[in-house]
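# Observations on the model geometry
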Amino acid sequence: MQINKIEKLKQMLAENKENYKEVLENTKVEFENGKISKEERNDIINSISKTYSENCSFISEEIAQAKIEKKIKAKKDKQIQKSYLKELKKDLKAKKEFDFTGDIVMENVSYTYSKNSPFEFRALDNADLVLEKGKITCVIGTTGSGKSTMIQLTNGLLISETGRTKIGDYQIPAGIKKIPNVKKLRKEIGLVFQFPEYQLFRDTVEKDISFGPINMGGNKENAIKSVPELLKLVELPADYLTRSPFELSGGQKRRVAIAGIIAMDGNTLVLDEPTGGLDPKGEEDFMRLFKKLNKEKNKRIIMVTHNMDQVLKIADQVVVMHEGKLIDKGTPFEIFSNRQLLEKIEIEPPKLFRLMYLLKDKGIDLLGQEIRTVEEFAVAFKNRK
Ligand SMILES: Nc1ncnc2c1ncn2[C@@H]1O[C@H](COP(=O)(O)OP(=O)(O)OP(=O)(O)O)[C@@H](O)[C@H]1O
Ligand SMILES: [Mg+2]
């Protein structure tokens, strides 16, 4: 609702520069009535100031106010950051080992790419999130909404600009230069990149898959011995051991990258569009594998995907990203039965939900039920009141 309002104001401005006064007045009224937040108001003021780079004395007061507020917030964030750093230092002194198995908690995390350059872009804005231990969380949102950015905070590949990320009893405060225990952290929270090319770097598949465990100080012989089994798990032929990962297809590379992360045997798998480039059967097989790792080995799975049918099938929790903001979270049933939300983020619901929406329009309402599969749907349909 709010975003629509802001977009409308920006649209007015885009249509005609001369609308600035009306936009400014509207913004003021909306802000004073508590309809839009300070950040949102500042955002609009900045748009006006960009559109009207000259002769904008009329908004100078507003801009000055916005700047002051921004400064106050930045100062507060810095203070919080300092206290987190202090806490971390204390933890590092007190604990020999950290337990990375507990909830992953993001507190007020933000991330800006190319800060202080003309390409500066805030990809993640003050997000709060809990990724529970042992659960499957799917992250959804249109392209560029900040999904990859957000999940890269879970193992310190990116470090937030504000707030902190807690992983069990360990924490990564915003702005920290060097992450302590980074090897152990990345072993426990294994991340498969959206583009597997970034991940593969050894000259054979065998070396690539066994690299992680060996690098962690594991027994080299054992690590190499377990590779054939891992290849089987990701359904690659055994003779791929000696092949170069760079000569494989996109889908095969992805399989090798996933095998390498499973080889680390950490407690969490973070998967960024893990089934991109796979055929439907490959996709289905991997979803089954992730679910199995979750159910049988209690692995926490955090997965970015554009396939809503798969989200419905496996997710315990769904996190919704939109324009760098975490705008909603809930069970797949809660998220997919929220038609307004799906329209706003321009995401088609899973096929089963599309069917249930059509049925609802015809007077048969199954939307309140927790239906994940065609089989469950059939039972619910038969037993409908
Ligand atoms: N290295 C970078 N430098 C500058 N901007 C970046 C960089 N990486 C990402 N961005 C921008 O940050 C925003 C969020 O990017 P991100 O990769 O997190 O999106 P995403 O939700 O994962 O998208 P997709 O579904 O396409 O993978 C995008 O607008 C993107 O253009
Ligand atoms: Mg991405």
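Residues numbered from 1 in each chain as written. Chains lettered and ligands numbered in written order. Predicted model: local features only at pLDDT ≥ 70, side-chain atom pairs only at ≥ 80, totals over all residues.

Attention shifts here to helix α10 (residues 250-263). When the terminal C-alpha atoms of α10 are compared, their 20 Å separation across 14 residues agrees well with the 20 Å that a helix rising 1.5 Å per residue should span. Of all the 14 residues making up α10, 12 are buried; the element is thus mostly covered by neighbouring parts of the structure. What α10 keeps buried is the set Q252, K253, R254, R255, V256, A257, I258, A259, G260, I261, I262 and A263. Along its buried surface, α10 packs onto β6 (189-192), α7 (205-215), α9 (227-233) and β7 (268-272). Taken from the residues just after α10, D265 is the one with a positive phi, measuring 55°. (Helix = DSSP H or I, 4+ residues; strand = E, 2+ residues; numbered from the N terminus. Expected span 1.5 Å × (residues − 1). Buried ≥ 20, exposed ≤ 12 C-beta atoms within 10 Å, placed from the backbone. Contact = placed C-beta atoms within 7 Å.)

Moving on, we come to the sheet that holds strand β5 (residues 170-173). The 4 strands lie next to each other as β2-β1-β4-β5, forming an open sheet whose pairing is antiparallel. Each of the sheet's edge strands pairs with one partner strand only, and the pair in question is β2 (121-131) and β5. Averaged over neighbouring strand pairs, the angle between their axes works out to 25° when direction is ignored. (Pairing = 2+ DSSP bridges. Axes fitted to C-alpha atoms, helices over the stretch in contact; angles between N-to-C directions.)

Each assigned domain of the protein chain is listed here: domain 1 (2-71), domain 2 (131-159 + 166-336) and domain 3 (350-382). Listed per partner, the contact involves 7 residues of domain 2 and 7 residues of domain 3. Looking at the side of domain 2 that touches domain 3, the element that brings in the most residues is helix α12 (residues 308-314), giving 5 residues. Of the residues in the side of domain 2 that touches domain 3, the class split is 5 nonpolar, no polar and 2 charged. (Domains from an automatic or database assignment. Nonpolar A, V, L, I, M, F, W, Y, C, P; charged D, E, K, R; others polar.)

Running from amino to carboxyl end, α7 crosses α10 at an angle of 30°, the nearest separation of the two axes being 7 Å. Overall, the two elements α7 and α10 adopt an arrangement that is roughly parallel. Like other packed secondary-structure pairs, α7 and α10 cross with a definite hand, here right-handed. Here V205, D208, I209, S210, F211, G212 and P213 of α7 come into contact with α10, specifically with V256, A259, G260 and A263. (Parallel < 35°, antiparallel > 145°, perpendicular 65-115°, else oblique. Left-handed = near helix turned anticlockwise from the far one by under 90°.)

Before going further, it helps to examine the sheet that holds strand β10 (residues 325-330). Strand order in the open sheet made by the 6 strands is β6-β7-β8-β3-β9-β10, with mixed pairing throughout. The sheet is open, and its two edges are formed by β6 and β10, each paired on a single side. On average, adjacent strands in this sheet sit at an angle of 15° to one another, irrespective of strand direction. Looking at chain direction, strand β9 (residues 317-322) and β10 are connected through 5 bridges and run antiparallel. Counted as the bridge partner of V318 is G330 from β10.

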